[in-house]
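In case you want the letters, here they are:
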Amino acid sequence: MGGIARVPVAIALGSNLGDRDAELDEAEDRLAVLLSGAVASARYETDSVGGPADAPAYLNEVVVGSTLLAPRPLLEALQAIEIAAGRERPFPNAPRTLDLALILYGDFVIDEPGLAVPHPRFRDRLFVLQPLAEVAGDWVDPVSGQSVQDLLEQLPST
């Protein structure tokens, strides 16, 4: 039987305002509706990157699963989850109740206004690669051709 194929996806979650664990728990519940076989990594506390110097620390994790949604509708669904969590965007890298980032969408490479997949900075971010390697270390980045685990191992020590 033919049909629409499910596409594996990786989504990074972060929160540094409010009850961070509760925000991430709610986001996981909402993602479980969008994704089949959703699996979440452990949570990692990290300093804010690129935001105000006094920004609170983040809790970060990655959820992987598969979806029938095309990339843009998936991104719009992620943004709707952020809004429901009270996400505001007063300035770039502002502290947030919830941040959901589409990191990988199968082996697709997409560069459109407002949608870049793989996420353009994920290869440089320990707070994405560490949890992603935990749940999908053998996933290959379609741009570099390297596995997530290899990308993690190549990050400079901090």
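Residues numbered from 1 in each chain as written. Predicted model: local features only at pLDDT ≥ 70, side-chain atom pairs only at ≥ 80, totals over all residues. Heavy atoms only, no water.

Visitor: Explain the pattern of salt bridges to me, please; I cannot follow it from the model alone.
Guide: Side-chain pairing between opposite charges can occur once the charged atoms of the two side chains come close. Applying the stated rule across the entire model yields eight salt bridges. Here glutamate 45 makes a salt bridge to arginine 20, at a shortest N to O gap of 2.7 Å. Taken together, the positions of glutamate 45 in strand β3 (residues 44-46) and arginine 20 in helix α1 (residues 20-34) put the pair 25 residues apart, joining distant regions of the chain. On the basis of relative accessibility, which here comes to 53%, the residue glutamate 45 falls in the exposed class. Arginine 43 serves as the salt-bridge partner of glutamate 61, at 3.0 Å between the closest nitrogen and oxygen. A residue pair is termed long-range when its members are at least 10 positions apart, and glutamate 61 in strand β4 (residues 58-67) and arginine 43 in the loop between β2 (36-40) and β3 qualify at 18 residues. With relative accessibility at 26%, the residue arginine 43 sits in the partly exposed group. Through salt bridges with shared partners, a single network forms among Asp21, Asp25, Glu28, Arg43 and Glu61. (Salt bridge = Lys/Arg side-chain N within 4 Å of Asp/Glu carboxyl O. Helix = DSSP H or I, 4+ residues; strand = E, 2+ residues; numbered from the N terminus. Buried < 20%, exposed > 50% of the residue type's maximum accessible area, 1.4 Å probe, protein only.)

Visitor: Help me understand the packing of aromatic side chains, please; the structure alone is not making it clear to me.
Guide: Each aromatic ring pair is described using two quantities: the centre-to-centre distance and the angle formed by the ring planes. Across all of its chains, the model carries one aromatic pair by this definition. Residues tyrosine 105 and phenylalanine 108 carry aromatic rings whose centres are separated by 5.2 Å and whose planes lie at 70° to one another, so their mutual orientation is edge-to-face. For tyrosine 105, a relative accessible area of 5% translates into the label buried. (Phe/Tyr/Trp six-rings, centres within 6.5 Å; stacked < 30°, edge-to-face > 60°.)

Visitor: Help me understand unusual backbone geometry in this model?
Guide: The phi angle of most residues is negative, glycine excepted, and most peptide bonds adopt the trans form. That bond from valine 117 to proline 118 is cis: its omega, -5°, falls within 30 degrees of zero. Mapped onto the elements, proline 118 comes out in the loop between β7 (115-117) and α3 (126-136).

Visitor: Teacher, can you tell me more about the nonpolar core here?
Guide: Soluble globular proteins: nonpolar side chains tend toward being buried together. Core analysis: the biggest nonpolar cluster contains 22 residues, and Ile11, Leu13, Leu31, Leu100 and Leu102 have the highest contact counts within it. Of all the secondary structure elements, the ones that give two or more residues to this core are β1 (7-15), α1, β4, α2 (71-84), β5 (99-105) and β7. When near neighbours in sequence (up to four residues on either side) are disregarded, isoleucine 11 contacts Leu31, Leu35, Glu61, Val62, Val63, Leu78, Leu100, Ala101, Leu102 and Ile103. Ala101, Ile103, Leu104 and Leu129 belong to the second largest nonpolar core, which has 18 residues in total. (Core = buried A, V, L, I, M, F, W, Y, C linked by side-chain atoms within 4.5 Å. Contact = heavy atoms within 4.5 Å.)

Visitor: Please explain the side chain of threonine 97 as it appears in this structure.
Guide: Examined against the element boundaries, threonine 97 turns out to sit in the loop between α2 and β5. A polar atom in the side chain of threonine 97 sits 2.8 Å from the backbone oxygen of alanine 85. Leaving out residues up to four positions away in the same chain, threonine 97 has contacts with Gly14, Ser15, Leu17, Glu23, Ala85, Gly86 and Arg87. (Polar contact = N/O pair within 3.5 Å; in protein donor to acceptor, adjacent residues only side chain to side chain.)

Visitor: Help me understand α1, please; the structure alone is not making it clear to me.
Guide: Think of an α-helix as turning once every 3.6 residues; residues three or four places apart then point the same way. The terminal C-alpha atoms of α1, which comprises 15 residues, lie 21 Å apart, in line with the 21 Å expected from a rise of 1.5 Å per residue. The set of residues buried in α1 consists of Glu23, Leu24, Ala27 and Leu31. The buried side chains of α1 occupy one side of the element, clustering within an arc of 90° when seen end-on. On its buried side, α1 packs onto β1, β4, α2 and β5. (Expected span 1.5 Å × (residues − 1). Arc of directions from axis to C-beta.)

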